[in-house]
Amino acid sequence: DPTRAKVPAFYQDEVCELESYFERVFLDEDSLFGRTLNATGQIEGVLSHLVGIINEPSRRFATRRAILVVPHEVTGGNDITPLGLVSVRILPRFKSDDVVLSFSFTWRTVEVLVGFPYSLYGSIRFSEYLADTIQSRVKAEFSGHIGMGQLSYMAHSLHMFVDEYGQSIARKIVNEASI
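The rules behind each value
Counting restarts for each chain: residues are numbered from 1 in the order of the written sequence. Local features in a predicted model are, by the rule used here, given only for residues with pLDDT of at least 70; side-chain atom pairs are given and counted only at 80 or more, and totals for whole chains, interfaces and linings are based on all residues. Here the side-chain values reflect all heavy atoms present in the structure, with hydrogen atoms and water set aside. Helix numbering and strand numbering both begin at the N terminus, where a helix is a DSSP run of H or I of at least 4 residues and a strand a DSSP run of E of at least 2. Accessibility here uses a 1.4 Å probe with only protein chains present; expressed as a share of the type maximum, an area under 20% marks a residue as buried, one over 50% as exposed, and anything in between as partly exposed. We call two residues contacting when some pair of their heavy atoms lies within 4.5 Å. Computed by Shrake-Rupley with a 1.4 Å probe, the accessible areas treat only the displayed protein chains as cover when residues are assessed. One side-chain nitrogen of Lys or Arg within 4 Å of one carboxyl oxygen of Asp or Glu is enough to make a salt bridge. Nine residue types can take part in a nonpolar core, namely buried Ala, Val, Leu, Ile, Met, Phe, Trp, Tyr and Cys, and a core is a set of them joined through side-chain atoms within 4.5 Å. Two N or O atoms form a polar contact when they lie within 3.5 Å of each other; inside protein one atom must be a possible hydrogen donor and the other a possible acceptor, and for residues adjacent in sequence the pair counts only when both atoms belong to side chains. An axis is simply a line fitted to the C-alpha atoms; with a helix, the fit covers only the stretch in contact. Between two such axes, the angle follows the N-to-C directions and lies from 0 to 180 degrees. Just so you know how the angles are binned, under 35 degrees is roughly parallel, over 145 roughly antiparallel, 65 to 115 roughly perpendicular, and the rest oblique. Side-chain classes are defined by residue name, with Ala, Val, Leu, Ile, Met, Phe, Trp, Tyr, Cys and Pro counting as nonpolar, Asp, Glu, Lys and Arg as charged, and the others, Gly among them, as polar.

### A closer look at the overall build of the chain
Consideration 1: In terms of helices and strands, the chain carries seven helices and four strands.
Consideration 2: For the chain, with 179 residues in total, the buried portion stands at 37%.
Consideration 3: Of the contacts formed within the chain by residues at least 6 apart in sequence, a portion of 64% connects residues at least 24 apart.
Consideration 4: Carbon and sulfur atoms provide 52% of the accessible area of the chain, an area that totals close to 10700 Å².

What follows is the structure, given as C-alpha cells:
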C-alpha cells in the first residue's frame, strides 16, 4: 500500500532526505525530471486529458494515452546519458462514480540498483502529487471520488547482469543486503 507505507522501516531516519529528493528532482521547474516534463508540455497535456475524461461521465474511458515520457537528450553527439526515469503511465479506471488512478513507473536499472529507496519514494510521491492535482482540477462533484490504485515500479533492462562483471555486482548487492 504505497500511500500508507511509503518508507521501509530501515529508512525511517531518512524521511526528510527522501522528501527533499522528491521535491528537488520531480517538482522544481529546473529539476532533473520536472524541467524536461514541463518543457515538453507533457504534464499539462496529460493532466488536461485525464481531467477532461473524468469531468464527462458519458465519455469516460480507460485511456491508454496518459503517458509521460522523459526525453533522452543527447548533447554534443556523444553524450549518451539518459535520465534514470524513463516513463510514467497513469491508468484511470472507472467503477460507478469512483475513479481509481493506478501508476506505472519505468526506471533504468541504475536507479534500481543505486538509488532504489529514492526512486521508489519519488514514484510514490509523484503519483500522489499527480492524483492530487487531478483531484483539484476536476468538477467539485467528482473530486471526492478520485483515489489512488496500484503503483508498478519496473526496471527497464533486458541485459542486466549478463556478463561476469554484472554478475559480480549482483552478488555484491545481494550479499550486502543479506548481512
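### Topic: the pattern of salt bridges
Consideration 1: Tallied over the entire structure, the rule returns four salt bridges.
Consideration 2: Arg125 is the partner of Glu19 in a salt bridge, and the nearest nitrogen-oxygen pair spans 2.9 Å. Note that Glu19 is positioned in helix 1 (residues 15–27) and Arg125 in helix 5 (residues 116–137), a separation of 106 residues in sequence.
Consideration 3: Of the residues examined, Glu19 reaches a relative accessible area of 18% and is grouped as buried.
Consideration 4: We note a salt bridge from Glu128 to Arg125, for which the minimum N-O separation is 3.0 Å.

### What to know about the nonpolar core
Consideration 1: By size, the foremost hydrophobic cluster in this structure holds 38 residues, and its most contacted members are Phe26, Phe126 and Ile134.
Consideration 2: When near neighbours in sequence (up to four residues on either side) are disregarded, Ile134 contacts Leu47, Leu50, Val51, Ile54, Leu101 and Ile146.

### Overview of the side chain of Thr63
Consideration 1: Within the secondary structure, Thr63 is located in the loop between helix 3 (42–55) and strand 1 (67–69).
Consideration 2: With relative accessibility at 0%, the residue Thr63 sits in the buried group.
Consideration 3: At a separation of 2.8 Å, a polar atom in the side chain of Thr63 contacts the side chain of His49.
Consideration 4: Here Arg65 takes part through its backbone nitrogen, which lies 2.9 Å from a polar atom of the side chain of Thr63.

### What about the packing of helix 1 against helix 2 (residues 32–39)?
Consideration 1: It is at 4 Å that the axes of helix 1 and helix 2 come closest, and there the two elements cross at 30 degrees. Classified by the angle between their axes, helix 1 and helix 2 sit roughly parallel to one another. Residue-level contacts link Tyr21, Val25 and Phe26 of helix 1 to Leu32, Phe33 and Gly34 of helix 2.
Consideration 2: Split into classes, the residues belonging to the contact of helix 1 with helix 2 amount to five nonpolar, one polar and no charged.

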